[in-house]
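Okay, here's what each chain looks like letter by letter:
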Amino acid sequence: MVILLRVILRSLLGRSTVAKGDTIIIPEGAHSILGPSSSDRWMGCPGSVLATRDVKGAQTEYAAEGTAAHELSKWVREEGKPASNWKGTTLVVGDFQFKVGKPMIDSVTTFVEEIEWEDAEGVALAEDMVGYEELVPGGFGTSDHIRLKDWLCRVKDLKHGTGVKVFAKDNSQLKLYALGTFFTYRLFYEFDRFLLSICQPRLRHFEEFEISLGHLLQWGYDVARPAAKLALTPGAPIVAGSWCKFCKIKDSCSVRAEYKREMKNRDLNAETEFEDMT
């Protein structure tokens with residue numbers, strides 16, 4: 001009953017009543033410095049967390065477009081209307097504007113259809129905030145889709161970008177969403193397994209990865225918790241890698257500069273350019 005009331009309240013408060021052709025300003029949501037979407041960075045480069053905590057960084061156009069697509073997918077599910085209902089609507093995210101057209105409509109429609117093809121049993125949550133502070137201080141994130149059900153729980157993430165494929169297997173972002181789902185709803189459901197999915201419609205890429213609750217918790221305690229502890233420790237190491245492209249101090253980071261020089265000397269591309277997949 002508690003979960004049902006929560007879903008109804010979120011649906012009523014979050015409904016969009018604008019017609020096509022209007023402009024909608026999408027407010028910036030809450031973010032954790034140890035959130036799921038940035039987990040690749042804070043686990044790979046723990047020193048970047050405190051180094052960037054007070055740094056204001058400009059949102060990329062790719063990230064803003066992803067936010068717009070996620071918001072549209074939420075409206076489609078909450079209002080029960082097709083994505084085409086918002087065709088021509090201008091979505092404003094930060095400094096960027098996106099007119100809802102065929103690429104976004106097709107991407108969101110595919111994502112929603114993937115959800116509709118699931119087992120209809122259980123409670124489906126759209127853009128639900130879950131937390132895992134039992135393991136990571138201040139750790140929380142907003143999951144695109146969760147289907148709560150005894151024994152098997154589904155967690156699905158929409159990737160609107162086209163730059164690179166994102167894989168579900170051992171994906172830290174998905175596993176943190178699953179951990180957050182467990183800690184948020186464990187009093188109401190008997191969780192046993194989690195089916196973690198990536199839906200990347202514009203690349204026609206769909207992948208699933210199943211993990212038991214036991215293995216998920218083991219990863220949380222053995223990997224996520226110590227990584228978060230290190231990330232919150234002053235003087236934690238700065239480590240360059242593919243995650244640098246999403247870092248707010250990447251242009252002034254000496255470690256990244258040296259890393260790129262080494263890769264150039266080895267005739268390798270240190271950071272393949274691709275879209276922000278957040």
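Higher on the page you've got the structure.
Residues numbered from 1 in each chain as written. Predicted model: local features only at pLDDT ≥ 70, side-chain atom pairs only at ≥ 80, totals over all residues. Heavy atoms only, no water.

## Side note on the sheet that holds strand S3 (residues 96-99)
- One open sheet holds the three strands; their spatial order is S1-S2-S3, and the pairing between them is mixed. In the strand order of this sheet, the two ends are held by strand S1 (23-25) and S3, each with one partner. Between one strand axis and the next, the sheet turns by 20° as a mean value, whatever way the strands run.
- Relative to strand S2 (residues 90-93), S1 is paired through three bridges, and the arrangement is parallel. Following the sheet pairing, Thr23 is matched in S2 by Thr90.
- Along the sheet, helix H4 (residues 61-79) contacts S1, S2 and S3; its crossing angle with S3, the most-contacted strand, is approximately 50°. (Pairing = 2+ DSSP bridges. Helix = DSSP H or I, 4+ residues; strand = E, 2+ residues; numbered from the N terminus. Axes fitted to C-alpha atoms, helices over the stretch in contact; angles between N-to-C directions. Contact = heavy atoms within 4.5 Å.)

## Let's talk about the packing of H4 against helix H5 (residues 102-116)
- Direction vectors running N to C along H4 and H5 enclose 50°, while the axes themselves pass 10 Å from each other. For the element pair H4 / H5, the angle class is oblique. Crossing handedness for the pair H4 and H5: right-handed. Two secondary-structure elements touch here, H4 through Glu65, Ala68, Ala69, Leu72, Ser73, Val76 and Arg77 and H5 through Met104, Val108, Phe111, Val112 and Ile115.
- Among the residues making up the contact of H4 with H5, the classes are represented as nine nonpolar, one polar and two charged. (Parallel < 35°, antiparallel > 145°, perpendicular 65-115°, else oblique. Left-handed = near helix turned anticlockwise from the far one by under 90°. Nonpolar A, V, L, I, M, F, W, Y, C, P; charged D, E, K, R; others polar.)

## Some thoughts on the sheet that holds strand S6 (residues 151-158)
- In space, the five strands of this open sheet follow the order S4-S5-S6-S7-S8, with mixed pairing throughout. For this open sheet the edge positions go to strand S4 (123-131) and strand S8 (205-212), each flanked by a neighbour on one side alone. Pairwise comparison of adjacent strand axes, ignoring direction, gives a mean angle of 30° for this sheet.
- Judged from the eight bridges that link them, S6 and strand S7 (residues 191-200) form a sheet pairing that is parallel. Across the sheet, the residue bridging to Asp157 is Ile198, located in S7.
- Along the sheet, H5 makes contact with strand S5 (140-148), S6, S7 and S8, crossing S6 at roughly 175°.

## Side note on the packing of aromatic side chains
- By the definition in use, this model includes six aromatic pairs.
- Within the aromatic cluster, the residues linked to one another by ring pairs are Phe182, Phe183, Tyr189, Phe191 and Phe194. (Phe/Tyr/Trp six-rings, centres within 6.5 Å; stacked < 30°, edge-to-face > 60°.)

## A closer look at the nonpolar core
- Counting residues in hydrophobic clusters, the biggest one holds 37 residues, and the most contacted among them are Trp42, Leu148, Leu179, Phe191, Phe194 and Leu196.
- Excluding its chain neighbours within four sequence positions, the residues that come into contact with Leu196 are Val155, Ala168, Leu174, Lys175, Ala178, Glu207, Glu208, Phe209 and Ile211. (Core = buried A, V, L, I, M, F, W, Y, C linked by side-chain atoms within 4.5 Å. Buried < 20%, exposed > 50% of the residue type's maximum accessible area, 1.4 Å probe, protein only.)

## Some remarks on the packing of helix H6 (residues 172-185) against helix H7 (residues 213-231)
- The contact between H6 and H7 brings their axes to 10 Å, and the two run at 110°. One way to sum up the angle between H6 and H7 is to call them roughly perpendicular. Along its contact with H6, which presents Ser172, Lys175, Leu176, Ala178, Leu179, Phe182 and Phe183, the element H7 presents Leu213, Leu216, Leu217, Trp219, Gly220, Tyr221 and Ala224.
- Class assignment of the residues belonging to the contact of H6 with H7 gives a composition of 11 nonpolar, two polar and one charged.

## Some remarks on the side chain of Thr52
- With respect to the helices, strands and loops of the structure, Thr52 is situated in helix H3 (residues 47-52).
- Look at Thr52 and you get buried, because its relative accessible area is 4%.
- Once residues within four sequence positions are removed from consideration, Thr52 is found in contact with Arg41, Cys247, Lys248 and Ile249.

## Some thoughts on H6
- Helix length check: H6, at 14 residues, gives a terminal C-alpha distance of 20 Å against a target of 20 Å (1.5 Å per residue), a fit within 8%.
- In terms of burial, H6 is largely enclosed, as 13 of its 14 residues are buried.
- Capping of H6 at its N-terminal end is provided by Asn171; its side-chain oxygen lies 2.9 Å from the backbone amide nitrogen of Gln173. (Expected span 1.5 Å × (residues − 1). Polar contact = N/O pair within 3.5 Å; in protein donor to acceptor, adjacent residues only side chain to side chain.)

## Things to note about the pattern of salt bridges
- With the rule as written, the count across this model stands at 13 salt bridges.
- Note that Glu127 and Arg77 form a salt bridge whose closest N and O atoms lie 3.7 Å from each other. Of this pair, Glu127 sits in strand S4 while Arg77 sits in helix H4, placing them 50 residues apart in sequence.
- According to the relative accessible area criterion, Arg77 is partly exposed, its value standing at 21%.
- Residues participating in the shared-partner salt-bridge network are Glu118, Arg147 and Lys156. (Salt bridge = Lys/Arg side-chain N within 4 Å of Asp/Glu carboxyl O.)

## Side note on the environment of Leu91
- Assignment of secondary structure puts Leu91 in strand S2.
- When its relative accessible area of 0% is taken as the criterion, Leu91 is described as buried.
- Apart from residues lying up to four places away in sequence, Leu91 is in contact with Ile24, Ile26, Ala68, Trp75, Phe96, Gln97, Phe98, Val100 and Met104.

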